[in-house]
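Remarks on the overall topology
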Amino acid sequence: MSDKLAGFRDIARVRTLADSIARLDPGRPVRLMHVCGTHENVLCQYGLRELLPEWLTLVAGPGCPVCVCPASDLDLAIRAASMLRVVLATFGDVVRVPAARTSLSDARARGGDVRVVYGAADAVALARAMPDREVVFFAAGFETTACTTAAALRADPPGNFSVLCSHRLVPPALDALLALPGVAPHGFLLPGHVIAITGLGAYRELCLRRPIPMAVGGFEPVDLLLALKDLVEQVVDGRPRVGNDYTRVVRDLGNPAAIQAIDAVFEARDSTWRGIGMIPASGLGLRRSFGGRDAAARFGLEPDPEVADTSPGCRCGDVLLGRLEPEACPLFAGACTPDLPIGPCMVAFEGTCAARYRHRRG
Amino acid sequence: MCLAVPMRLVSIDGAEGKAEVQGVGRGVRLDLVPDAKAGDWLIVHAGYAIEILDEAEAAESMAMVAVAMADEPVRA
Ligand code: SF4
């Protein structure tokens, strides 16, 4: 199998596909958007943008779940972490993301117990190992991650395990982007591992309401170019549809067990996205039957709407909408680097600014 | 954090499995892939297998690319 996957990285195949895209030239600029931090990393790592014809641009949208998480959500985690007996467990990326003037790593420096975990199951194991402490799992991420939080909650975790829920859904965000003037692209490269969970249904429905080319892409260079070719073909023939160019993982109906887990544990709720604002039914909250696991209720944590969302000078909001290339931010690689990040887009591994910084040339 | 990687399932013990890739092994939760069998390639994300890789589809995609390559003029 590793040999088979190596074929998806083969440079001759990548060049051939890039050439066949170039020959589709519609005689006008085409601007596509991906919404996945892993896609950005693959694009940068393999220098794929340099292979694309001049008329084709591929911008990064709000595909980094840690970056779109508003400061007020992180603020709840920071306040939980400062409580006596509480252990705050979350993904490594989240720890350093600034919320207003402080972050989870600051809370840790002030004595808060903040642990990095690989996933929800590790946070549950932590709760089992420390029965006299309260383990709060700060759960961020799109559908791909939400189903893992749901699975952990359904596997009968110990009573001292609770969740601060900051999960978000991709389709409502795409819908919202299409309504923003100057932001809407000519097509969306869809995130393969999100669609592997949900299936294509919600995107087909979106495509009917707001016809726009869409294609599901995987994460090897050949996967990505196959999806781009699909998108450009749709732009050229003027018949938007939802293509699936990652069939080895993505099935039409998604993963039924994962969908069932999400439905059993969560319900949709209005959520704020950093850079975009409030999007109706774009986030997940715990259902009443899992309300006892809600850390915000358990510890009386009310969101503080006064928490400022961006640091002065940071242009993450524009970067997340694909309105600004990170390199065009005056702070990029000068005042703002992964070691001393100013905005979440430079902190998170999947952040667009961080990906561009890691792979910058010269 | 959203990074998901293919790993091969080596053994199953209830809802837990052992998976490995390139000689590196780790535990993986199987709650979301009830049909997984030892030997399957899984997509693993945040400690959970989220999907089973379809090897026939992988071969088919490669065949499609091969056709595209045969149609292409040879690059000078
Ligand atoms: S380079 Fe830094 S300051 Fe500029 S948008 Fe990115 S994260 Fe914000």
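Residues numbered from 1 in each chain as written. Chains lettered and ligands numbered in written order. Predicted model: local features only at pLDDT ≥ 70, side-chain atom pairs only at ≥ 80, totals over all residues. Heavy atoms only, no water.

1. Concerning the site of the ligand
All names here are of chain A. Worth spelling out the cut-off: Nearness is defined per residue: one heavy atom within 4 Å of the molecule or strand is enough. Residues are said to line a cavity or pocket when one of their atoms sits within 4 Å of a point; the points come from a 1 Å grid over protein atoms alone, cavities being sets where a 1.4 Å probe fits but cannot get out and pockets being open sets with protein on both sides within 12 Å along at least five of seven lines. By definition, a pocket or cavity contains a molecule when more than half of the molecule's atoms lie within 2 Å of the pocket's grid points. Note that Gly is not counted as nonpolar here; it falls among the polar residues with everything else outside the nonpolar set of Ala, Val, Leu, Ile, Met, Phe, Trp, Tyr, Cys and Pro and the charged set of Asp, Glu, Lys and Arg.
With respect to spatial proximity, the complete set of residues near the ligand consists of Cys 314, Arg 315, Cys 316, Val 319, Cys 329, Leu 331, Phe 332, Cys 336, Ile 342, Gly 343, Met 346 and Cys 353. In this structure, the ligand is accommodated by the largest cavity. Its residues placed into classes, the shell around the ligand shows 10 nonpolar, 1 polar and 1 charged.

2. A short note on the packing of aromatic side chains
Residue and element names in this part refer to chain A. To keep it simple, the criterion reads: Centres within 6.5 Å are what make two rings of Phe, Tyr or Trp a pair, Trp counting through its six-membered ring; a difference in plane orientation under 30 degrees is then read as stacked, over 60 as edge-to-face, and the rest as tilted. Numbering goes from the N terminus for both helices and strands, where a helix is a DSSP run of H or I of at least four residues and a strand is a run of E of at least two. The cut-offs for exposure are 20% and 50% of the maximum accessible area for each residue type, with area from a 1.4 Å probe on protein chains only; residues under the lower value are buried, those over the upper are exposed, and the others partly exposed. Working rule: Lys NZ or Arg CZ, within 6 Å of ring centre, within 35 degrees of ring normal, means a charge sits over the ring.
The tally for this structure, following the rule as stated, stands at 4 aromatic pairs over all chains. Here the aromatic rings of Phe 91 and Phe 137 are separated by 5.7 Å at their centres, their planes lie at 65°, and the arrangement is edge-to-face. Of this pair, Phe 91 sits in the loop between β3 (86-90) and α6 (92-95) while Phe 137 sits in strand β5 (residues 134-141), and the two are 46 residues apart along the sequence. The pair formed by Phe 91 and Phe 137 is uniform in burial state, with each residue classed as buried. Ring geometry for Phe 219 and Tyr 246: centres 5.9 Å apart, planes at 85°, overall edge-to-face. Taken as a pair, Phe 219 in the loop between β8 (214-217) and α13 (221-237) and Tyr 246 in the loop between β9 (242-244) and α14 (256-265) lie far apart in primary sequence, 27 residues in all. Neither Phe 219 nor Tyr 246 differs from the other in exposure class; each is buried. The ring of Phe 8 carries the charged tip of Arg 248 above its face, separated from the ring centre by 4.0 Å. A cation over a ring is seen here: Arg 360 above Tyr 357, with NZ or CZ 3.8 Å from the ring centre.

3. Considerations on the sheet that holds β5(A)
Residues and elements named next belong to chain A. Note the threshold: By this definition, two strands are paired if DSSP reports at least two bridges between them. Between N-to-C directions, angles span 0 to 180 degrees; the directions come from axes that are lines fitted to C-alpha atoms, helices contributing only their stretch in contact. By definition in these notes, contact holds between two residues if any of their heavy atoms fall within 4.5 Å.
Overall, parallel pairing links the 4 strands, which are arranged β4-β3-β5-β6 in an open sheet. In the strand order of this sheet, the two ends are held by β4 (113-116) and β6 (161-167), each with one partner. For this sheet the average axis-to-axis angle between neighbouring strands, irrespective of direction, equals 25°. Where β3 meets β4, 4 bridges bridge the pair, whose relative direction is parallel. Directly across from Thr 90, in β4, lies its bridge partner Val 116. Packing against the sheet, helix α5 (residues 71-81) makes contact with β3, β4, β5 and β6, and its axis sits at approximately 140° to β3.

4. Looking at empty space enclosed by the protein
Residues and elements named next belong to chain A. This is how the line gets drawn: Grid points are joined across faces, edges and corners, and a volume is the space filled by probe spheres set on the points.
In the structure shown here, the tally under the stated rule is 4 cavities of 30 Å³ or more. Space inside the largest cavity adds up to approximately 90 Å³. In this structure, the largest cavity is lined by 13 residues; those nearest its centre are Cys 314, Arg 315, Cys 329, Cys 336 and Cys 353. Considering only residue class, the lining of the largest cavity consists of 11 nonpolar, 1 polar and 1 charged.

5. Some details on the pairing of β6(A)
Residue and element names in this part refer to chain A. Convention followed: We call a crossover right-handed when, viewed with the strands running away from us, the connection from the first strand over the helix to the second turns clockwise.
A large share of β6 lies buried, amounting to 7 of its 7 residues. Here β5 pairs with β6 via 7 bridges, running parallel. Each bridged residue has a counterpart across the sheet, and for Ala 140 the counterpart in β6 is Ser 166. The β-α-β motif built from β5, the intervening helix α9 (residues 143-154) and the parallel element β6 has right-handed crossover chirality.

Honestly, that's just the spatial picture; any functional story needs more than this.
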